[in-house]
Every structure is written in C-alpha cells, then in structure tokens.
Amino acid sequence: MRTIYLDYNATTPLDQEVRKAMLPLLEDLQGNPSSIHHVGRKARAVLDEARYRVSAVWRCKPSEVIFTSGGTESNNLAILGTARLLKSKGRHLITSQVEHHAVLHCFDYLERKEGFEITRLPVDHEGFLDPLTIEKAIRADTVLVSVMAANNEVGTLQDVAAIGKLCRRKGVVFHTDAVQWFGKEPVPSIDCFQADLVSVCCHKFHGPKGAGALFVRSPLLPDPLMHGGGHENERRAGTENLLAIWGFMEALERFTVTPVFPGVRLREQTQHLRRALGENPYVKALGPKERRLTNTAAFTVSGTDSFALLAGLDIEGICASSGSACAAGSLEPSHVVLAMGASREASRSLLRFSLGRETTEQDISTLVEIFPRIVDRSVGVRG
Ligand SMILES: Cc1ncc(COP(=O)(O)O)c(C=O)c1O
C-alpha cells in the first residue's frame, strides 16, 4: 500500500541537503563549546557560526537568538520567563483561545500556581482575532500578550504585525508562536512579526526534530527555565546540541526567507479539497478562504468523530490529523473549533489535511476518490 502523507503541520521529512550538511558534525565534532582547549574551541566556533548565520537570516543581533529544543520549549521560555521577569510590574497576561497547548498550558499554569490573571480572547467563526479586542483588554498591569502567527489546526493567519505595533505603543511585551508560519509564509526578517519574542522550530520545515529557537529582542531577558551554566546568554543552561543547532540553521537559511512550501500549488490543491470533500452532506470546511496557510484544509464531519475518520484513512494509507498531534489519543473536542463557534459534537470530528512539498496531484485525487467511502463507513460505525 502506498503511503499518502498529509500531516505536514505535525512534522515534515528531513531534507536530504540538510541531512548531508549535518553529517560531518556527527563525525568530527567531539568537543564541548564551553571547554577552553582547542577541541572545545572548534565546537565553540561552530556554535558561534550557527548563531551568527541565524541572526543574518533574521537581521537581528546574534545575542538575540536562543537555541532551544523546539517550539514547546521556546513558548515556555517566552511566556513563563517573561511573566516571572515582569511580575513586579504587573500580573495580567493576554492570549487567545486558539493557541497551541504549548502556549495555553503555560498560561493555565501561571494562573493556577503563580497568581497571574489571564484574559483569553475569543476569535470569530474563521479563527481571526480582532486586534481591537486586544487594545480593549490591555490594562495598566498587563505585561505580556501572546498571539500565534498561524493556527496549526485550521490555518488562520493572524495580523500579528498589527498586534505587535499595538503592544509596542502600549508598552506591553508581545510574543508570537510562529511555529507554523516559518517555511509556509515568507520571513524577510524577524521584524516582520513586530514581536519582542518569536518561537520557532525547524521540524516543520524539513529540519531535524528537537531543534528550535526563541528570538528575544534585546534588552529583554526572560527568566531562565533551566539553571546551571551560563549557556545561551544565561537564558538556557546545558551543553548545546550542536548537531540539532546546525540542522536548524541549515533549514532556516534554505527554507524560510522564501518559503519551502510551494504556496501557489498548495493553495490550488487545498481549494480543490475544500470544494470536493465539502460536497459530502456530512462535511463542512473550516477556516478562512483567504489569509490562511495555503497547505491546510480542515473539516468537521457530522455523525462521527476524528478517531473513526483517522483510522479509516490510515487503513487506506492516508496520514491525516485531528488537529494538534499532541492531542491525538484523547477524544477531547478541538478547543480551536469550539472557539470558532462549533458545537462540542462537531469539535470532536475535526479532520486536518496539511499538504507539503512532496504532495502530488495523484495523492489529492486518491483522497478525493476514497473519502466518501471513509465518511460513510465511519458514520455507519457510530450510527
Ligand atoms: C503552533 C505550534 N506551536 C508549538 C508547537 C510545538 O512545537 P514542537 O513540536 O517543536 O515542540 C507546534 C507543534 O505542533 C505548533 O503547531
């Protein structure tokens, strides 16, 4: 059976050129960048070069780049670290209801355990957050706003630059989780987000898993989560994962200024999917037609749930998702679909197809052809 992989928002295959560029580090680089001797200094030079080249892509200072283990860690460092740093100034924080769990659970934790007050702003039926609602929500004691750039479940692109400018005008730190933006939408410089903190990981654009970074606009210095040595500008203790960092840098240089995801082709393919799958009376396409990730097509299917649908697709060799991969395995309704105004029942049936560089016309026509059968079967199983 042929595998049809339509889950690029969960992760992407490692690019062959990036892999090749990483291999020599496995062979040759045995030193610790913190060691004084020449073996250590060689490793330090590689680390410094990676940081410098990332900063050149982002047009920022090298000291504004903190290497992390990925999107989750970057979000945790940005949110927990900034809230703790600024708590004597204020304890009010703002986010949206459609963030990834790696953001939402940080705010839940700060509320439950550390006495912060959180405003979680609603979105409209397409997943858009009105920047005006942020302006209204900002108070004298607000210290941090966090809004994602691109939604992982339905693909809505937020106007983060407008939100960032607004926050700057109000003197509030702005963080954006841009994990799904990189590789899919252009990043001419890190300033395109107008943010003080930007989270990114590279396994979403053909880099290795477990590698990412947090951009931190100086002079902001979030409280570290990990304590020990003075690594990463004293923001993240621990010997650096040079192999992952090099892979991150290689993928970032190649695939993010001009996105690696072929937007024009993917837009046509996802529009085709929205039209063709949407013809089924049980199926409803989600998210906006414009201002969305070109690769993402999300649906709800009445009378069944995500598990039945995903299992049915998997039997046919098709990999899709019920939204955030981390939530797979639980039948929780999608908080994103709920926030967009759908019923709890509908929110349990989210089906996300996220396409990528290797997706072919044949993949799409196979899906369109077998989809009605899968819906009939899974509605039948439940009914
Ligand atoms: C929007 C968003 N933020 C954060 C993450 C977490 O990133 P990582 O898997 O690198 O921890 C993901 C991954 O799915 C994501 O889609």
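Relevant structure appears above.
Residues numbered from 1 in each chain as written. Predicted model: local features only at pLDDT ≥ 70, side-chain atom pairs only at ≥ 80, totals over all residues. Heavy atoms only, no water.

A.B. asks: Give me the lowdown on the overall build of the protein chain, citing residues and values where you can.
C.D. replies: Counting its regular elements, the protein chain contains 13 helices and 12 strands. The C-alpha radius of gyration of the protein chain comes to 21 Å, within 12% of the 21 Å expected for a compact globule of 383 residues. By its C-alpha atoms, the protein chain is 65 × 55 × 35 Å across when sized along the principal axes. Across the 383 residues of the protein chain, 57% fall into the buried class. Residue pairs at least 24 apart in sequence account for 74% of intrachain contacts in the protein chain once pairs closer than 6 positions are excluded. Accessible surface computed for the protein chain: about 15800 Å², of which carbon and sulfur atoms make up 54%. (Helix = DSSP H or I, 4+ residues; strand = E, 2+ residues; numbered from the N terminus. Rg over C-alpha atoms; globule rule 2.2 N^0.38 Å. Buried < 20%, exposed > 50% of the residue type's maximum accessible area, 1.4 Å probe, protein only. Contact = heavy atoms within 4.5 Å. Areas by Shrake-Rupley, 256 points an atom, 1.4 Å probe, with all protein chains shown as cover.)

A.B. asks: Would you mind going over the site of the ligand in detail, with residue names and values included?
C.D. replies: Taken together, 13 residues lie around the ligand, and Gly71, Thr72, Asp177, Gln180 and Lys204 are the ones closest in. Contact between the ligand and Gln180: an oxygen atom at 2.8 Å from a side-chain N or O atom of the residue. Take His203: an N or O atom from its side chain is 3.1 Å from an oxygen atom of the ligand. For the shell around the ligand, the element with the highest residue contribution is helix H3 (residues 71–85), accounting for 3 residues. By residue class, the composition of the shell around the ligand is 3 nonpolar, 8 polar and 2 charged. (Near = heavy atom within 4 Å. Polar contact = N/O pair within 3.5 Å; in protein donor to acceptor, adjacent residues only side chain to side chain. Nonpolar A, V, L, I, M, F, W, Y, C, P; charged D, E, K, R; others polar.)

A.B. asks: Describe the packing of helix H1 (residues 16–28) against helix H8 (residues 242–255), naming the residues involved and giving the relevant values.
C.D. replies: At a closest axis distance of 9 Å, the pairing of H1 and H8 adopts a crossing angle of 150°. In terms of axis orientation, H1 runs roughly antiparallel to H8. For the pair H1 and H8, the crossing hand works out as right-handed. Touching Glu17, Val18, Ala21, Met22, Leu25 and Leu26 of H1 are Leu242, Leu243, Trp246, Gly247, Glu250, Ala251, Arg254 and Phe255, all from H8. Its residues assigned to classes, the contact of H1 with H8 comprises 10 nonpolar, 1 polar and 3 charged. (Axes fitted to C-alpha atoms, helices over the stretch in contact; angles between N-to-C directions. Parallel < 35°, antiparallel > 145°, perpendicular 65-115°, else oblique. Left-handed = near helix turned anticlockwise from the far one by under 90°.)

A.B. asks: Let's hear about the packing of H3 against helix H4 (residues 101–114): which residues, and what values?
C.D. replies: At a closest axis distance of 9 Å, the pairing of H3 and H4 adopts a crossing angle of 30°. By the angle between their directions, the pair H3 and H4 is classed as roughly parallel. As for how H3 packs across H4, the hand of that crossing is right-handed. Between H3 and H4, the residues in contact are Thr72, Asn75, Asn76, Ile79, Leu80, Ala83 and Arg84 and Ala102, Val103, Cys106, Phe107, Tyr109, Leu110 and Glu114, respectively. Here the contact of H3 with H4 is composed, by residue class, of 9 nonpolar, 3 polar and 2 charged.

A.B. asks: Tell me what's going on with the packing of aromatic side chains, and back it up with residues and numbers.
C.D. replies: For the coordinates displayed, the defined rule picks out 10 aromatic pairs. Plain terms: the ring middles of Trp58 and Phe182 are 6.1 Å apart, the flat faces sit at 50° to each other, and that makes the pair tilted. Of this pair, Trp58 sits in helix H2 (residues 38–58) while Phe182 sits in the loop between strand S6 (173–177) and strand S7 (197–201), placing them 124 residues apart in sequence. Residue classification places Trp58 among the buried positions, given a relative accessible area of 0%. A residue is classified by how much of its surface remains accessible, and Phe182, at 0% relative accessible area, is buried. Here the aromatic rings of Phe299 and Phe353 are separated by 6.1 Å at their centres, their planes lie at 65°, and the arrangement is edge-to-face. Residue Phe299 is located in strand S10 (residues 296–301), and its partner Phe353 is located in strand S12 (residues 351–354); the two are separated by 54 residues in the primary sequence. In this structure, Phe299 and Phe353 share a single accessibility class: buried. (Phe/Tyr/Trp six-rings, centres within 6.5 Å; stacked < 30°, edge-to-face > 60°.)

A.B. asks: Give me the lowdown on the sheet that holds strand S9 (residues 283–286), citing residues and values where you can.
C.D. replies: The sheet built from 3 strands is open, its strands ordered S9-S10-S12 with antiparallel pairing. Only two strands of the sheet have a single partner each, and these edge strands are S9 and S12. Strand-to-strand twist of the sheet, defined as the mean angle between neighbouring strand axes without regard to direction, takes the value 25°. Looking at chain direction, S10 and S12 are connected through 4 bridges and run antiparallel. By the bridge assignment for S12, Ala297 is matched with Phe353. (Pairing = 2+ DSSP bridges.)

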